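# Observations on the model geometry
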Amino acid sequence: KRGAESGQRCEKSGESMKIVLGYYTEWAEQLPPERVHYELFTHLAHAFAPLKPDGSLGEMPRAKTLCEKAKQNNVKVLLSVGGANSNATLTAIVSDKAALSRCLDNLTAFVEKTGYAGVDVDWEAHSGSDDRDRMNTLTLALRERLGRER
């Protein structure tokens, strides 16, 4: 079975199911969502949500098609947040309560509207306990907003 959560048991054999996750980049012009080999994956991470320091979210024109095609093939899609050089933006968002609230509102609405299964936090180049605490703040807040059912 594809699209199963980690730790789920196969109905027939009782074996744990494994996740095969691939990254799909928004900027990959040579690979539109219609050409993805969905049969190779259980999950895709759609990289990367264009977050701005004020918590607003830029456009992701391939999102709806990617989520629809993936769902037709029993593949779950996660919205990836962060990526290379994201530390400054994510730090700015989490350090400002209004920006964090706006970010959470925008991500939650976009995930719900578009059909993502959840969010992948890829906070790169963080260093020290302050960045770790900020990442934990963002992750916990996302978890609360998105709920435990995802």
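The full count for this structure, using the stated rule, is 3 salt bridges. R145 is the salt-bridge partner of D105, the closest N and O atoms lying 2.6 Å from each other. With a gap of 40 residues between them, D105 in helix α3 (residues 97–114) and R145 in helix α4 (residues 128–146) connect regions that are remote in the sequence. For D105, a relative accessible area of 41% puts it in the partly exposed group. Overall, the relative accessible area of 35% leaves R145 in the partly exposed class. Residue D133 pairs with R132 through a salt bridge whose shortest N-O separation is 3.8 Å.

Here we take up the confidence of the model for the protein chain. Low-pLDDT stretches of the model should not have their predicted coordinates read in fine detail. Looking at the protein chain, the pLDDT average stands at 89 and 88% of residues meet or exceed 70. When pLDDT is averaged over each element of the protein chain, helix α1 (residues 63–72) comes out on top at 98 and α4 at the bottom at 92.

A cluster of nonpolar side chains, namely I19, L21 and Y23, defines an oily patch on the protein surface of about 270 Å² accessible area. When you line up the elements, Y23 lands in strand β1 (residues 21–25).

Remark: α1 packs on α3, axes separated minimally by 9 Å, with the N-to-C direction vectors making an angle of 50°. Comparing the axis directions of α1 and α3 gives the class oblique. In this structure, α1 contributes A63, K64 and C67 to the contact, and α3 contributes F110, K113 and T114.

Here we take up helix α2 (residues 87–95). Residues of α2 that are buried include every one of N87, L90, T91, I93 and V94, and no others. When α2 is viewed along its axis, its buried side chains cluster within an angular range of 165° and face the same direction.

Once that is clear, we can look at the packing of aromatic side chains. Throughout the structure, instances matching the rule amount to 3 aromatic pairs. Relative to F48, the ring of Y23 has its centre 6.4 Å away and its plane inclined at 40°; by these criteria the two rings are tilted. On the criterion of sequence distance, the pair formed by Y23 in strand β1 and F48 in strand β2 (residues 43–49) is long-range, its members being 25 residues apart. Ring plane angle 45° and centroid distance 5.7 Å describe the contact between F110 and Y116, whose orientation is recorded as tilted. Grouping residues by exposure puts F110 and Y116 together as buried. Feature note: the residues Y23, W27 and F48 constitute an aromatic cluster, connected by ring pairs.

Thresholds, definitions, all that
Residues numbered from 1 in each chain as written. Predicted model: local features only at pLDDT ≥ 70, side-chain atom pairs only at ≥ 80, totals over all residues. Heavy atoms only, no water. Salt bridge = Lys/Arg side-chain N within 4 Å of Asp/Glu carboxyl O. Helix = DSSP H or I, 4+ residues; strand = E, 2+ residues; numbered from the N terminus. Buried < 20%, exposed > 50% of the residue type's maximum accessible area, 1.4 Å probe, protein only. pLDDT = per-residue confidence, 0-100. Patch = residues over 30% accessible without salt bridge, like charges linked within 9 Å, V, L, I, M, F, W, Y side chains within 5 Å. Areas by Shrake-Rupley, 256 points an atom, 1.4 Å probe, with all protein chains shown as cover. Axes fitted to C-alpha atoms, helices over the stretch in contact; angles between N-to-C directions. Parallel < 35°, antiparallel > 145°, perpendicular 65-115°, else oblique. Contact = heavy atoms within 4.5 Å. Arc of directions from axis to C-beta. Phe/Tyr/Trp six-rings, centres within 6.5 Å; stacked < 30°, edge-to-face > 60°.

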